[in-house]
Amino acid sequence: DFLTVCMLIYDIVVIPLLAYDLPPSLAWDVAEVCITALWTLDLVLTFFRAIEQGGIVEMRIRSIARNYLRTWFFFDAAMIAMDW
């Protein structure tokens, strides 16, 4: 989760800078691909993170996947798809 927070901070800082005409840079291009790849990995790993349902920690992958697919999955997938 620490890595996710770092990626979120990076996006919060960098996305507003995209409004300006910054010179092309290999470093920015590499960073963008790495961040997008990490967000994609985070999307997949979310299927394996325990959730709390009704005060009980749910660790069964099927229940976790069903919950994620009904809640945030399509929003997350749409956001990542725009980056690729």
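Here, the structure is the one placed above.
Residues numbered from 1 in each chain as written. Predicted model: local features only at pLDDT ≥ 70, side-chain atom pairs only at ≥ 80, totals over all residues. Heavy atoms only, no water.

**Q** Outline the packing of helix H2 (residues 26–45) against helix H4 (residues 73–83), supporting the account with residue identities and numerical values.
**A** Remark: H2 packs on H4, axes separated minimally by 10 Å, with the N-to-C direction vectors making an angle of 160°. Put simply, H2 runs roughly antiparallel to H4. Read as a crossing pair, H2 and H4 show a hand that is left-handed. Side by side, H2 and H4 meet where Thr 36, Trp 39, Thr 40 and Leu 43 of the first sit next to Phe 73, Asp 76, Ala 77, Ile 80 and Asp 83 of the second. Looking at side-chain class alone, the contact of H2 with H4 contains five nonpolar, two polar and two charged residues. (Axes fitted to C-alpha atoms, helices over the stretch in contact; angles between N-to-C directions. Helix = DSSP H or I, 4+ residues; strand = E, 2+ residues; numbered from the N terminus. Parallel < 35°, antiparallel > 145°, perpendicular 65-115°, else oblique. Left-handed = near helix turned anticlockwise from the far one by under 90°. Contact = heavy atoms within 4.5 Å. Nonpolar A, V, L, I, M, F, W, Y, C, P; charged D, E, K, R; others polar.)

**Q** Any chance you could break down the pattern of salt bridges for me, citing the residues and the numbers?
**A** A side chain of one charge can pair with a side chain of the opposite charge if their charged atoms are brought near each other. Under the defined criterion, the tally for this structure stands at two salt bridges. Note that Arg 49 and Asp 42 form a salt bridge whose closest N and O atoms lie 2.7 Å from each other. You can call Arg 49 partly exposed: its relative accessible area is 30%. Between Glu 58 and Arg 60 there is a salt bridge, with the nearest N and O atoms lying 2.7 Å from each other. (Salt bridge = Lys/Arg side-chain N within 4 Å of Asp/Glu carboxyl O. Buried < 20%, exposed > 50% of the residue type's maximum accessible area, 1.4 Å probe, protein only.)

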